[in-house]
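# Observations on the three-dimensional arrangement
Now for the letters of each chain:
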Amino acid sequence: MRAPVTLAAVCLAAMMFGLEISSVPVILPTLDTQLGARFSDLQWVMNAYTLACTTVLMAVGAWLDRYGRKTLFLTSVTLFGLTSLACGLADSAPLLIVARALQGACGGAMLICQISILSRQFADPVSRSKAFAWWGVVFGAGLGLGPVIGAGIVALSSWQWVFLVHVPLALLTAALGRAGVQSSRDAPAGKLDSLGIVLLALSVFGLTYLIIQGSQPEMSRATVCWAALATLLTFMVFLISQKLNPQPVIDFSVFRIRQFSGALLGSMGMNFSFWPLMIYLPIYVQTGMGLSGLEGGLLLLAYTLPTLLIPPLAERLMLTLHPGVMIPAGMLAIGAGLMVMATGVANPQWLLACMTAGCLLAGTGLGLTNTPVTNLSTGSVPPARTGMASGMDMSARMISLAINIAVMGWILVEGIAASLHQTLPGTTDPLALQAAAQTLAAGKIEVPAATFHAALNQGFGWVLVYGASSVLLLALASFAVFRPWSNMSAATLLMASASANTGSGSGNTAKN
C-alpha cells in the first residue's frame, strides 16, 4: 500500500512545481496594476524562480546522498509551502521577487527529490515505467492547465491565491510523503563542486541582470561595463575550475556523445522559443488583443494543452523515427507556430485565427520534442553518468529559459521603442523613449490607442521572429549533430535509452 501513497505525494509535488511555472504569467498584468510593478519587475518575478531553481538543481544530487531522500523531500515541500505563503502575502514587487527566489530554490530541490524517489522506490522496471508515466502526466497537467487555473483563480478571487493555493497542497503532500516515502540515503559519491555551482550561478545571474537592467534609464554606461566585465571574468574562472576539478558540475567530455549533444540542443531550443514566450503571451492577449483574463487563459490553453496530449503520440513515433529526425522536426513545428502567430500580429484581420492556430502548432511541436529529448539525454550516456546527464539537461533548460526571458523582454522593449520613435517624433530623448517603451510593454496604455497597439504589435512581432529564428537554427544544429543518415538506427538508440532508464543494461551508446 506504500507505493500508491508515495506516487501520490510525488505527483502532487510535480503538479505544484508545474503550476508555479505556467500559472504565474497569467497574473503578470494584474501584478503590474495592483503592485505598481515595472516591466523589469515582472521579468524578475519569473526569473527569480528560474535562477534559484537552476542553482539548487546542481547541488541537490549531492545533498540527497548526505541527508536522505525522505528528509530532503519533506523539508523542500514544507519550505515550498511557506515560501508560497510569503509570495501570497507580499505587498510590493521587491518582496514578491525575493519570495519567488526562495520558492524557486525549494521547487528545484523538490523536483530532484521526486525523480530520485521514483527511481529508488520503484525498483522493478515495469512499476518504475508506470510511476514515471503517471508523474509525467501530472507534471504535464500542471504545466498545460496552469494558464486556465491561474486565470480562473484571478477571476474568482485574487492574484494572491495563485500562490496561496500551494499552502494546503504542500501540507497534503508532506503528509503523504511522511507516510509513503522510504528513508534512504547513499554513500556520498564524491565532494560537491561548490565553487563550480557558485561560479555558474553568478555567471547566469550576471548575464540575466545585464539584459534586464542594462537598458534601464537609471543604469549608467560605466555600471553596465563593469557588470559585463565581472560576468565575463566569472564565467572564465568557472570554465577553468571545471577543467581542474576531477568531479566538476559539468563534464564537458559527454558533449562528444552525439546523441547527448543533439538532445541538449533540443532542450535549449524549447527554451529559446516556446517557454519564455509564455511569459509575454498573457500581456499581449489581454492588452494587445483585448481579451479578458479568462478568455486569455483559454487561448493560452491552446498553447499548452498539446504539451499534455501529444507526448503519447511522440512515444509511438519514437519506435519508428530516428530521434535525430524527430527532435529537429518538433523544433521546426515550434518555429512554424511562432511564425503563424507573427503573421496574425502583422495582419489584425487574421489575428485571433492565426494566434489560435500558431499556439496549437507550437504546442504540438513542444510535445513532439520534449519526450525524445528527455529519454535521450540520459539514455545516451553510460549508467554511471545518468545522474550527471539529467542534471546537465535540467540545468541547460533552466539557464536557457532564464536568459531568454530576459532577451525576449529586451527585444519587446526595443521593438516598442522603435515604433514610438516613428509615431511620436517629438520623443527624441533615448531615456524617455526607453521609459515609455517599458511602460507600454507592461501593458499600460499611456499613449493614444492606435499608437499603443502599433507599438505593441511591432515589439511582439519582433519577439516572435526571434523565437522562431532561434529554434529553427537550433533545429538545424541538432540535425547536423545527430547525423540521422549515419548507421545509428532508431532501434539501437531506443534500446540504449531503455537500458539506461531501467538500469538493466550497459547503456553504452556508440559514438559516431
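Residues numbered from 1 in each chain as written. Predicted model: local features only at pLDDT ≥ 70, side-chain atom pairs only at ≥ 80, totals over all residues. Heavy atoms only, no water.

## What about the overall build of the chain?
To keep it simple, the criterion reads: Starting at the N terminus, helices and strands are each numbered in turn, a helix being any DSSP run of H or I of at least four residues and a strand any DSSP run of E of at least two. It only takes one pair of heavy atoms within 4.5 Å for two residues to be counted as in contact. Using the Shrake-Rupley algorithm and a 1.4 Å probe, accessible areas are obtained, with residue cover drawn only from the displayed protein chains.
Of regular secondary structure, the chain possesses 21 helices and zero strands. For the chain, long-range pairs separated by at least 24 residues make up 84% of all intrachain contacts whose partners lie at least 6 apart in sequence. Surface exposure of the chain reaches about 20,200 Å², of which carbon and sulfur atoms provide 70%.

## A look at helix α10 (residues 221–244)
Going by this rule: Expected helix span is given by 1.5 Å per residue-to-residue step, counting one fewer step than there are residues. A 1.4 Å probe rolled over the protein chains alone gives each residue an accessible area, and that area as a share of the maximum for its type sets the label: buried under 20%, exposed over 50%, partly exposed in between.
For α10, which comprises 24 residues, the first-to-last C-alpha distance of 35 Å matches the rise-based estimate of 34 Å (1.5 Å per residue) to within 8%. Of all the positions in α10, only Ala-227, Thr-231, Thr-234, Phe-238, Ser-241 and Gln-242 are classed as buried. Its buried side turned inward, α10 meets α9 (194–213).

## Some details on the confidence of the model for the chain
Spelled out, the test is: The predictor's confidence in any single residue is recorded as pLDDT, a number from 0 to 100.
Of all residues in the chain, 88% attain a pLDDT of 70 or more, and the chain-wide mean is 83. Throughout residues 488–512 the model reports pLDDT below 50, and contacts reaching past four residues in sequence, or to other chains, amount to 54 contacts.

## Section: the environment of Ile-97
For Ile-97, the location among the structural elements is in helix α5 (residues 93–121). Look at Ile-97 and you get buried, because its relative accessible area is 16%. Along the backbone, Ile-97 and Trp-44 are 53 residues apart, and their C-alpha atoms lie at a distance of 6.3 Å. In this structure Ile-97 touches Asp-41, Trp-44, Val-45 and Ala-48, once residues within four positions along its chain are discounted.

## Looking at a nonpolar patch on the surface
Heads up, the condition is: Exposure above 30% relative accessible area and the absence of a salt bridge qualify a residue for a patch, where like charges join within 9 Å and nonpolar side chains (Val, Leu, Ile, Met, Phe, Trp, Tyr) within 5 Å. Salt bridges are defined by distance alone: a side-chain nitrogen of Lys or Arg within 4 Å of a carboxyl oxygen of Asp or Glu.
Residues Trp-226, Leu-229, Leu-232, Leu-233 and Met-236 make up a contiguous nonpolar surface patch of roughly 540 Å² in combined accessible area. Secondary-structure assignment places Leu-232 in helix α10.

## Quick look at the pattern of salt bridges
Tallying each qualifying case throughout the model produces two salt bridges. With a shortest N-O distance of 3.1 Å, Arg-100 and Glu-20 are connected by a salt bridge. Placement of the pair is Arg-100 in helix α5 and Glu-20 in helix α1 (residues 2–22), with a sequence separation of 80 residues.

## Description of the packing of α1 against α5
Condition: For helices, the axis comes from a line fit to the C-alpha atoms of the stretch in contact; other axes are also lines fit to C-alpha atoms, and the angle between any two N-to-C directions lies between 0 and 180 degrees. An angle below 35 degrees is read as roughly parallel, one above 145 as roughly antiparallel, one from 65 to 115 as roughly perpendicular, and any other as oblique. Rotating anticlockwise by less than a right angle from the far helix to the near helix defines a left-handed crossing, while the corresponding clockwise rotation defines a right-handed one. Residue classes follow a fixed rule: Ala, Val, Leu, Ile, Met, Phe, Trp, Tyr, Cys and Pro count as nonpolar, while Asp, Glu, Lys and Arg count as charged, and any other residue, Gly among them, counts as polar.
Orientation of α1 relative to α5, taken along the N-to-C sense of each, is 150°, at an axis distance of 10 Å. In terms of orientation, α1 and α5 fall into the roughly antiparallel class. Crossing hand, α1 versus α5: left-handed. Residues Arg-2, Thr-6, Leu-7, Val-10, Ala-13, Ala-14, Met-16, Phe-17 and Glu-20 of α1 form the contact with α5, whose own contacting residues are Arg-100, Gln-103, Gly-107, Gly-108, Met-110, Leu-111, Gln-114, Ile-117, Leu-118 and Gln-121. Grouping the amino acids of the contact of α1 with α5 by side-chain chemistry returns 10 nonpolar, six polar and three charged.

## So, the packing of aromatic side chains
Stated precisely, the cut-off is as follows: For Phe, Tyr and Trp, rings pair up if their centres lie within 6.5 Å, where Trp contributes its six-membered ring, and each pair is then called stacked (planes under 30 degrees apart), edge-to-face (over 60) or tilted (otherwise).
In the structure shown here, the tally under the stated rule is 12 aromatic pairs. Measuring from centroid to centroid gives 4.9 Å for Phe-274 and Trp-275, while their planes differ by 85°, and the two rings are edge-to-face. Trp-275 matches Phe-274 in its accessibility class, with the two residues each being buried. Ring pairs connect the aromatic residues Phe-17, Tyr-49, Trp-135 and Phe-139, which therefore count as one cluster.

## A short note on the side chain of Thr-304
Residue placement: Thr-304 occurs in helix α13 (residues 293–304). Judged by its relative accessible area of 0%, Thr-304 is buried. Not counting the four nearest positions on each side in its chain, Thr-304 is found in contact with Leu-143, Gly-144, Pro-147 and Met-278.

## Quick word on unusual backbone geometry
Phi at Arg-483 takes a positive value of approximately 50°, unusual for a residue other than glycine. Position of Arg-483 relative to the elements: it lies in the loop between α20 (449–482) and α21 (490–502). We classify Arg-483 as partly exposed; its relative accessible area is 27%.

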